[in-house]
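# What the coordinates show
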Amino acid sequence: MVVSGTRPSDADTDGEDADGVDADGVDADGVDADGEDPEDTLDLHLPPEFLALRAMEDAADTAVPLAHGDLRDPVTDGDLRDPVTDGDRRDQVTDGGLRDRLTGGDLLDHLADWGPAATAAGEFRLLPVRLDRDLPLISRWMNDPAVAAFWELAGPAEVTEAHLAAQLGGDGRSVPCLGVLDGTPMSYWELYRADLDPLARHYPARLHDTGIHLLLGGVADRGRGLGGTLLRAVADLVLDRRPACTRVVAEPDVRNVPSLAAFLAAGFRYSAEVDLPGKRAALMVRDRSLRHLM
């Protein structure tokens, strides 16, 4: 089994929204099933904290609002809100280190300090990647044909190195990690702030939504339910260590049936399908409010 999601480098950069209809019958052009524009009847305002963090993606106010079709959350049926003006957004970002006040200076709440999780398969922990130590192993995994089909990082080690370096040299919104089971590195993970990612243009994102990408490195670890076990453990780690996060999300390719099965086994729900650059993705969501029920 290979469990994987869209690489951050595959994220949308052209500002186009996903096609399709959301849970309330609103299509990507902002027209509902009755042919009416929902903005005629909703007074929408995005929370200032959400806008401020989204705007940090570019200090020159290049943050892009959510798609008009993504007006309501499928779990709470709660209205999302309109963006403030560009001037307001700039003021919120630059006013006295707002990001540090909102996040404590770390966008993923010090992932390196999260510690291990006990699972039925053994003790599991996430270990942030170090290029000098981990590049050969991760590059070898990326050249496995079953992995390369979804991650598209096959080739010399420099290809994987560039992918990892882009995250390691960033602001901490995406952290690449080795998954270590009973002391043995056996999987590769990326935990990222989905609300600060271009993915947020394609679904009704909430502040602090946390995304997951995963691959299982060894063939012997695939096809025996290990992916679901580890996904549940990591989602629980996120919810335990990130109290402001109410949802863990993922967007595996709809063609990756083993991946979808692993997420479902881990307590994620199949929320929607969205068109992302290069693939049609299943939006998988694990909710804090439902974590003990699924």
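Structural notes, computed from the coordinates. The structure presented is a predicted model; accordingly, all values stated were derived computationally and were not measured.

Moving on, we get to the overall build of the protein chain. Of the regular secondary structure elements, the protein chain holds 8 helices and 8 strands. The burial tally for the protein chain puts 49% of its 294 residues in the buried class. A fraction of 68% describes how many contacts in the protein chain between residues 6 or more apart in sequence connect residues 24 or more apart. Accessible surface computed for the protein chain: about 12700 Å², of which carbon and sulfur atoms make up 52%.

Looking now at the environment of Glu251. Within the fold, Glu251 resides in the loop between β6 (247–250) and α8 (257–265). Spatially, the C-alpha atoms of Glu251 and Glu273 are 8.7 Å apart, while their sequence positions differ by 22 residues. Within the local environment of Glu251, its side chain forms a polar contact with the side chain of Tyr192, the two groups lying 2.8 Å apart.

Looking now at the pairing of strand β3 (residues 174–181). β3 sits mainly inside the fold: 8 of its 8 residues count as buried. With burial as the criterion, each face of β3 is covered, one bearing Ser174, Pro176, Leu178 and Val180 and the other bearing Val175, Cys177, Gly179 and Leu181. Two strands pair when backbone bridges link them, and strand β2 (residues 122–128) and β3 are joined in this way by 5 bridges, in the antiparallel orientation. Each bridged residue has a counterpart across the sheet, and for Arg125 the counterpart in β3 is Val180. Pairing of β3 with strand β4 (residues 184–193) involves 8 bridges; the strand directions are antiparallel. Bridge pairing in β4 places Val175 opposite Leu191. What sits between the antiparallel neighbours β3 and β4 is a turn of 2 residues, in which Asp182 has the positive phi angle 50°.

What follows concerns the sheet that holds strand β5 (residues 210–216). The pairing of strands in a sheet happens through backbone hydrogen bonds and is either parallel or antiparallel. With respect to topology, 8 strands assemble into an open sheet ordered β1-β2-β3-β4-β5-β6-β8-β7, the strand pairing being mixed. Of all strands in the sheet, those with a lone pairing partner are β1 (117–119) and β7 (269–276), marking the two edges. Within this sheet the neighbouring strands show an average axis-to-axis angle of 30°, counted without direction. Bridge analysis of β4 against β5 gives 7 bridges, and the strand direction is antiparallel. Looking at β5, one finds that Arg193 is bridged to Thr210. Set on the sheet, helix α4 (residues 131–142) makes contact with β2, β3, β4 and β5; between it and β4 the angle comes to about 90°.

Looking now at helix α7 (residues 226–241). With 16 residues, α7 extends 22 Å between its outermost C-alpha atoms, agreeing within 8% with the 22 Å of an ideal straight helix rising 1.5 Å per residue. Every buried residue of α7 is accounted for by Leu226, Gly227, Gly228, Leu230, Leu231, Ala233, Val234, Ala235, Leu237, Val238 and Leu239.

Let us now look at the nonpolar core. Membership of the largest hydrophobic core comes to 34 residues, with the highest contact counts inside it found for Phe124, Leu126, Trp189, Leu191, Leu231, Val234 and Phe268. Looking at this core, the element that brings in the most residues is α7, giving 9 residues. Of all hydrophobic cores here, the second largest spans 13 residues; its members include Ile138, Trp151, Leu153 and Leu164.

Turning to the packing of aromatic side chains, a few remarks are in order. With the rule as written, the count across this model stands at 3 aromatic pairs. Pairing Phe263 with Phe268 gives two aromatic rings, centres 5.1 Å apart and planes at 80°, and the pair type is edge-to-face. You can call Phe263 buried: its relative accessible area is 2%. For Phe268, a relative accessible area of 2% translates into the label buried.

Opposite charge on two side chains lets them pair, provided their charged atoms get close. Scanning all chains against the criterion turns up 16 salt bridges. Arg193 serves as the salt-bridge partner of Asp195, at 2.8 Å between the closest nitrogen and oxygen. With respect to class, Asp195 is no different from Arg193; both count as buried. Salt-bridge contacts for Asp236 lead to Arg286; the nearest nitrogen and oxygen are separated by 2.7 Å. One end of the pair, Asp236, is in helix α7; the other, Arg286, is in strand β8 (residues 279–287), with 50 residues separating them in the sequence. Taken together, the shared-partner salt bridges connect Asp236, Asp240, Arg286 and Arg291 into one network.

Moving on, we get to the environment of Glu190. Within the secondary structure, Glu190 is located in strand β4. Judged by its relative accessible area of 0%, Glu190 falls in the buried class. Separated by 61 residues in sequence, Glu190 and Val129 place their C-alpha atoms 9.8 Å apart. For Glu190, the side chain forms a polar contact with the side chain of His163, separated by 2.6 Å.

Conventions we followed
- Residues numbered from 1 in each chain as written.
- Predicted model: local features only at pLDDT ≥ 70, side-chain atom pairs only at ≥ 80, totals over all residues.
- Heavy atoms only, no water.
- Helix = DSSP H or I, 4+ residues; strand = E, 2+ residues; numbered from the N terminus.
- Buried < 20%, exposed > 50% of the residue type's maximum accessible area, 1.4 Å probe, protein only.
- Contact = heavy atoms within 4.5 Å.
- Areas by Shrake-Rupley, 256 points an atom, 1.4 Å probe, with all protein chains shown as cover.
- Polar contact = N/O pair within 3.5 Å; in protein donor to acceptor, adjacent residues only side chain to side chain.
- Pairing = 2+ DSSP bridges.
- Axes fitted to C-alpha atoms, helices over the stretch in contact; angles between N-to-C directions.
- Expected span 1.5 Å × (residues − 1).
- Core = buried A, V, L, I, M, F, W, Y, C linked by side-chain atoms within 4.5 Å.
- Phe/Tyr/Trp six-rings, centres within 6.5 Å; stacked < 30°, edge-to-face > 60°.
- Salt bridge = Lys/Arg side-chain N within 4 Å of Asp/Glu carboxyl O.

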